[in-house]
Amino acid sequence: MKHQMLTKCTTAALAFAALLSGSTLWAQTETPLPQLVEQDGRHALLVDGKPYLVLGGQSSNSSTWPKMLPGVWQVVEEMHANTLEIPVYWEQIEAEPGKYDFSIVQLLLDQARERDVRLILLWFATWKNGSNHYMPEWMKLQPKKYPNITGKDGKPVDSPSPHATATMEADAKAFTELMKYLKEADPQHTVIMVQVENEPGSWGSVRDYSKEAQRLFNQPVSDALLRSAAMKELGATGKSGDTWTEVFGENADEYFHAWSVASYIEYVAAAGKAVNPLPLYVNVALRDPLTNPAPTSYESGGPTDNVIPIWKAAAPSICLLAPDIYLQGDERVLKVIELYARQDNALLVPETSSDRVKYLYEIIGKGIGYAPFGIDAPDKVAARQHAPLAAEYKLLAPMARQLAQWNFEGRIFTAVELENKSEQTIDLGKWEAVLQFGPGHTMGQSPDQKPRPADGKAMIVRLGDNEFLAIGTHCRFTFRPTGKDAGKAWQYLKVEEGYYENDEFQFVRVLNGDQTDWDGPYIGDEPTLLHITLTTR
Ligand code: DGJ
């Protein structure tokens, strides 16, 4: 049975179908509001009413200044990115209390539109990497009114308190002004999503141990949390009136902090959403997903994998929790992808390091977007670190709408090359794809013997029972019939190399002979698109 999960953020696919057929009110709006839809655990971010794939890049932290923007746009263009993620600083737009200046936002809108690039704005406000460094100066100068947290040892910690009502109200007010401005100035929805805060939580203390925080910690757990689906997922039980320690035992400190930070952000997000209901998300400074480390070793209170259910219960206005992937190693990265691609959470990777292109298809195939961080950093630009991703985006950007639609329909299958595992298979229904990663060779050419990292990847789009698109690097694609045809002889009917332009496959050549006869077509360094049809004999 088809299953749809409806939240404040996601719209049922049924409504989406109605939207496409023009039978709802939304369809009459010229540019419908971006929104997330979910069906059978797959998600689409609708932009202009159609699934959209974020092939993005995030600027460096200090780039949202008029004289810095040309450098950012230059890299966006070189990368063939369709979306720029860029901060808006609280200290910049409310330099004086209650006086808002959105000229930088207008500049971003104008410049993005000139380039036909969409924007994801990052609201750097109460939290930026767990600290308050983007609060306006007038707030930083009133630390008693806008306090940081206190550590267990009674010492101050460089992280804002989620229990500070004055800070929360000031943040909500400024964020609402930003969202109001966008509503007025951006009817065409150049801005497709907004990130609320940046990597919220606290480094250096599991929670706030100030007197006020201690008082709240000793209060009963919120009934809303006790009644939520989170309890089952956390494996906890508790009744109304039980304290945090009674319900959550040794996890009480961290869970209390996660609930407090998420509830604060919900207040800010709900206020902004009330005036302009764009999809909102929160990004995550991850913990190691494999070792269940102590919360003293990561940013406590943020939506790390162990507290996703708490965040879902506390912050329904936040559409998704988005992992910033800087962790190393296939097992870790693939685990993060699995943990954040949930029925109630569309996968968006809003930050990663530029050497993670290997996971691009995996993220696209399970989510709604991908973006490396710090694209305009001078050292990265000088080293042309974005070049491998640029080659991918060049091929994928002209077919991004199709990819997003195919993904929503469950047609995309992906694989990455794992250390010590050069072959993988993918079940495609009537066929099984066999992917061989590594240095390839066609007849007459020796295989490349140079040592290389395990960086191969493959994406297959199932267009029909016997018809597929294949994209990859360092990968050979071959197939086997399955089911009642298992063991039968088979052959390629046709393998065409091409690319997408104007929503259509553009033919370049037919691959045959040496290019397909020896275990199937091989794609090397350059990402390549193949249209493959198969037949049994
Ligand atoms: C994660 C943060 O979210 C970014 O803003 C930036 O500070 C990077 N870390 C730096 O690596």
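Above this text sits the structure in question.
Notes on the structure follow.

What counts, and at which threshold
- Residues numbered from 1 in each chain as written.
- Predicted model: local features only at pLDDT ≥ 70, side-chain atom pairs only at ≥ 80, totals over all residues.
- Heavy atoms only, no water.
- Helix = DSSP H or I, 4+ residues; strand = E, 2+ residues; numbered from the N terminus.
- Rg over C-alpha atoms; globule rule 2.2 N^0.38 Å.
- Buried < 20%, exposed > 50% of the residue type's maximum accessible area, 1.4 Å probe, protein only.
- Pairing = 2+ DSSP bridges.
- Axes fitted to C-alpha atoms, helices over the stretch in contact; angles between N-to-C directions.
- Contact = heavy atoms within 4.5 Å.
- Near = heavy atom within 4 Å.
- Polar contact = N/O pair within 3.5 Å; in protein donor to acceptor, adjacent residues only side chain to side chain.
- Areas by Shrake-Rupley, 256 points an atom, 1.4 Å probe, with all protein chains shown as cover.
- Nonpolar A, V, L, I, M, F, W, Y, C, P; charged D, E, K, R; others polar.
- Salt bridge = Lys/Arg side-chain N within 4 Å of Asp/Glu carboxyl O.
- Arc of directions from axis to C-beta.
- Parallel < 35°, antiparallel > 145°, perpendicular 65-115°, else oblique.
- Left-handed = near helix turned anticlockwise from the far one by under 90°.
- Core = buried A, V, L, I, M, F, W, Y, C linked by side-chain atoms within 4.5 Å.

### Quick look at the overall build of the chain
Then step 1. From N to C terminus, the chain includes 17 helices and 25 strands.
Then step 2. Here the C-alpha radius of gyration of the chain, 24 Å, is about what a compact globule of 537 residues would show, namely 24 Å.
Then step 3. Each of the three principal axes of the chain carries a C-alpha extent, and together these read 75 × 55 × 50 Å.
Then step 4. Burial statistics for the chain: of 537 residues in total, 57% are counted as buried.

### Examining the sheet that holds strand S20 (residues 467-473)
Then step 1. Strand order in the open sheet made by the six strands is S16-S19-S20-S25-S22-S23, with antiparallel pairing throughout. The open sheet is flanked by strand S16 (412-416) and strand S23 (504-510), the only strands paired with a single partner. Taken over all neighbouring pairs, the strand axes of this sheet differ in orientation by 30° on average, direction set aside.
Then step 2. Note: strand S22 (residues 490-501) against S23, six bridges, orientation antiparallel. Looking across to S23, one finds that Glu501 is bridged to Glu504.
Then step 3. Where helix H16 (residues 387-396) meets the sheet, its contacts fall on strand S19 (457-464), S20, S22 and strand S25 (528-536), and the angle it forms with S20 comes to roughly 160°.

### What to know about the sheet that holds strand S13 (residues 347-349)
Then step 1. Strands sit in the order S13-S15-S5-S6-S7-S10-S11-S12-S14 across an open sheet of nine strands; the sheet is parallel. In this open sheet, the two edge strands, each paired with only one partner strand, are S13 and strand S14 (351-352).
Then step 2. Of the strand pairs in this sheet, strand S12 (residues 320-325) and S14 are connected by two bridges, and their pairing is parallel. What sits directly across from Ile325, in S14, is Thr352.
Then step 3. In the packing of helix H2 (residues 69-79) onto the sheet, the strands contacted are strand S5 (54-58), strand S6 (83-89) and strand S7 (118-128), and the crossing angle to S6 comes to about 155°.

### Points about the site of the ligand
Then step 1. Around the ligand sit Asn61, Lys128, Asn129, Asn198, Glu199, Asn283, Asp324, Tyr326, Glu351 and Phe373, and that is every residue in its neighbourhood.
Then step 2. For the ligand, an oxygen atom lies 2.8 Å from a polar atom in the side chain of Asn198.
Then step 3. Out of a free accessible area of 290 Å², the ligand has 76% covered by protein chains.
Then step 4. Here the shell around the ligand is built from residues that sort into two nonpolar, four polar and four charged.

### Comments concerning the pattern of salt bridges
Then step 1. Enumeration according to the criterion identifies 26 salt bridges in this entry.
Then step 2. Here Glu78 and Arg384 are joined by a salt bridge, their closest N and O atoms 3.8 Å apart. With Glu78 in helix H2 and Arg384 in the loop between helix H15 (378-382) and H16, this residue pair connects regions lying 306 residues apart in the sequence.
Then step 3. Notably, a salt bridge pairs Lys140 with Glu91, separated by 3.9 Å at the nearest N-O pair. Remark: Glu91 occurs in helix H3 (residues 90-93) and Lys140 occurs in helix H5 (residues 137-140); sequence separation between them is 49 residues.
Then step 4. Through salt bridges with shared partners, a single ionic network connects Asp48, Arg118 and Arg401.

### Details of H2
Then step 1. Of all the residues in H2, the buried ones are Leu69, Val72, Trp73, Val75, Val76 and Met79. Angular distribution of buried residues about the axis of H2 spans 160°; they occupy a single face of the element. Facing away from the buried surface of H2 by more than 90 degrees, the exposed residues are Pro70 and Glu77.
Then step 2. On the buried face of H2, the contacting elements are S5, S6, helix H4 (103-115), S7, H15 and H16.
Then step 3. Within two residues after H2, His80 carries a phi angle of roughly 60°, on the positive side.

### Re the packing of H4 against helix H6 (residues 165-185)
Two measures define how a pair of helices packs: the angle their axes make with one another and the distance between the axes.
Then step 1. Viewed as axis vectors pointing N to C, H4 and H6 meet at an angle of 40°, and their least axial separation amounts to 11 Å. Looking at the two axes, H4 sits oblique to H6. Crossing of H4 against H6: the hand is right-handed. Residues Val105, Gln106, Leu109 and Arg113 of H4 touch H6, and the partners they reach there are Leu178, Tyr181, Leu182 and Ala185.

### Focus: the side chain of Asp186
Then step 1. Inspection of the secondary structure assignment puts Asp186 in the loop between H6 and strand S10 (191-198).
Then step 2. Relative accessible area serves as the criterion here: at 3%, Asp186 is assigned to the buried category.
Then step 3. Reaching out from Asp186, the side chain makes a polar contact with the backbone nitrogen of Thr190 at a distance of 2.8 Å.
Then step 4. When sequence neighbours within four positions are dropped, the list of residues in contact with Asp186 reads Leu109, Arg113, Tyr181 and Val191.

### Notes on unusual backbone geometry
Then step 1. The phi angle at Asp48 is positive, at roughly 60°, despite the residue not being glycine.
Then step 2. Looking at where Asp48 falls in the secondary structure, it is placed in the loop between strand S3 (42-47) and strand S4 (50-52).
Then step 3. Note on Asp48: relative accessible area 30%, which makes it partly exposed.
Then step 4. A positive phi is found at Asp503, a non-glycine position, where the angle reads about 65°.
Then step 5. Checked against the element boundaries, Asp503 lands in the loop between S22 and S23.

### Looking at the pairing of S7
Looking along a regular strand, one sees side chains alternate from face to face of the sheet.
Then step 1. With 11 of 11 residues buried, S7 is to be regarded as a mostly interior element.
Then step 2. Pairing analysis gives seven bridges linking S6 to S7, with the strands arranged parallel. Bridging from a neighbouring strand, Thr83 pairs with Arg118 of S7.
Then step 3. Pairing between S7 and S10: six bridges, direction parallel. Considered in S10, the bridge of Leu119 is made with Val191.

### Some thoughts on the nonpolar core
Then step 1. Counting residues in hydrophobic clusters, the biggest one holds 110 residues, and the most contacted among them are Leu119, Trp123, Trp244, Phe248 and Trp311.
Then step 2. No other element matches the 11 residues that helix H11 (residues 252-275) contributes to this core.
Then step 3. Not counting residues up to four positions away in its chain, the partners in contact with Phe248 are Val221, Leu225, Met231, Leu234, Ala236 and Tyr255.
Then step 4. Within the second largest apolar cluster, 21 residues are counted, among which are Cys475, Tyr492, Val495 and Leu530.

### Quick notes on the environment of Gln74
Then step 1. If you trace the backbone, Gln74 turns up in helix H2.
Then step 2. In this structure, the C-alpha to C-alpha distance between Gln74 and Asp376, residues 302 residues apart in sequence, is 8.4 Å.

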